[in-house]
Amino acid sequence: MVDCLLSFPRSGNHLVRFFIELLTERPTRGCKGNSSDVPIYMNSFTENVPFNISNKEDFIFEKYHTVPTSNIQRLILILRNPREVLIRHLGCQINMSGYESYFKLIDYFLSHNGPKLILYYEDIIVDRAKFIDTLYEFLGIDSLEKKSYCINNIDKLFQLSHSGQGRAWGGNNSNGE
């Protein structure tokens, strides 16, 4: 059984992975078959980020942009306004298959019987501390020190999350904003 981090591309998957790795001190696995989609802690950031990951093979979540075929234990779905995410990912080439792919992820989430959490990209960006609280509780972390660090440094950490170099992801910004 695997834990799944599910989202349509450009929905904030890597941003959430950044904080999962920071809070749990365990790496996340990128999309299968994409060797450049490495765990977030392996990126170079403009400042040191205290991921403190010692066991580099003890993956906690796997990233998916399509409905997983493996047996899923815990599931986190990240949603972003469909029009916004489709434009960001597909440009002006929006078509029905993009919408179908987006809504298949929601159907999968609704039918999942195990522990699950839905995160909305827009809420993550607007209420950062609540996002950290929600993620912390869902993951069952027992490190108030790590949670306090994240909340006390939230703006800096959000900036650092999209400053990474040597990565296969776009960070947490859209069109430079």
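As a starting point, this report considers the structure included with it. (Residues numbered from 1 in each chain as written. Predicted model: local features only at pLDDT ≥ 70, side-chain atom pairs only at ≥ 80, totals over all residues. Heavy atoms only, no water.)

## Examining the side chain of N43
Note the threshold: Each helix is a run of H or I in the DSSP string that is no shorter than four residues. Each strand is a run of E no shorter than two, and both are numbered from the N terminus. In protein, a polar contact requires one atom able to donate a hydrogen and another able to accept it; more generally it is a pair of N or O atoms within 3.5 Å, and residues adjacent in sequence count only if both atoms are side-chain atoms.
With respect to the element layout, N43 can be found in the loop between α1 (13-24) and β2 (62-64). Polar side-chain contacts of N43 include one of 2.8 Å to the backbone oxygen of I40.

## Side note on the pattern of salt bridges
Heads up, the rule is: The salt bridge definition used is simple: a Lys or Arg side-chain nitrogen within 4 Å of an Asp or Glu carboxyl oxygen.
By the definition in use, this model includes 10 salt bridges. Linking D155 and R128 is a salt bridge whose minimum nitrogen-to-oxygen distance equals 3.1 Å. Taken as a pair, D155 in helix α7 (residues 154-161) and R128 in helix α5 (residues 128-139) lie far apart in primary sequence, 27 residues in all. Each member of the salt-bridge network shares a partner with another, and the members are R17, D37 and K63.

## Side note on the environment of I72
The cut-off we apply is this: Burial here depends on accessible area, computed with a 1.4 Å probe over protein chains only, as a share of the maximum for the residue type. Under 20% is buried, over 50% is exposed, and the range in between is partly exposed. Contact between two residues is taken to exist if any of their heavy atoms lie within 4.5 Å; hydrogens are not considered.
With respect to the helices and strands, the residue I72 is situated in strand β3 (residues 72-79). Taking the relative accessible area as the measure of exposure, I72 reaches 7% and is therefore buried. For the pair I72 and L5, spaced 67 residues apart in sequence, the C-alpha to C-alpha distance is 10.0 Å. Among all residues touching I72, those that are not within four sequence positions of it are M1, V2, C4, Y108 and H112.

## Some details on the packing of α1 against helix α6 (residues 144-152)
The criterion, for reference: Simply put, an axis is a line fit to the C-alpha atoms, just over the touching stretch for a helix, and the angle between two N-to-C directions goes from 0 to 180 degrees. An angle below 35 degrees is treated as roughly parallel, one above 145 as roughly antiparallel, one from 65 to 115 as roughly perpendicular, and anything else as oblique. The residue classification treats Ala, Val, Leu, Ile, Met, Phe, Trp, Tyr, Cys and Pro as nonpolar and Asp, Glu, Lys and Arg as charged. All others, Gly included, are polar.
Two elements in contact, α1 and α6, have axes whose closest approach is 9 Å; the angle formed by their N-to-C orientations is 140°. When the axes of α1 and α6 are compared, the pair comes out oblique. Contact residues: F19, L22 and L23 in α1; K146, K147, Y149 and C150 in α6. Of the residues that constitute the contact of α1 with α6, the class distribution is five nonpolar, no polar and two charged.

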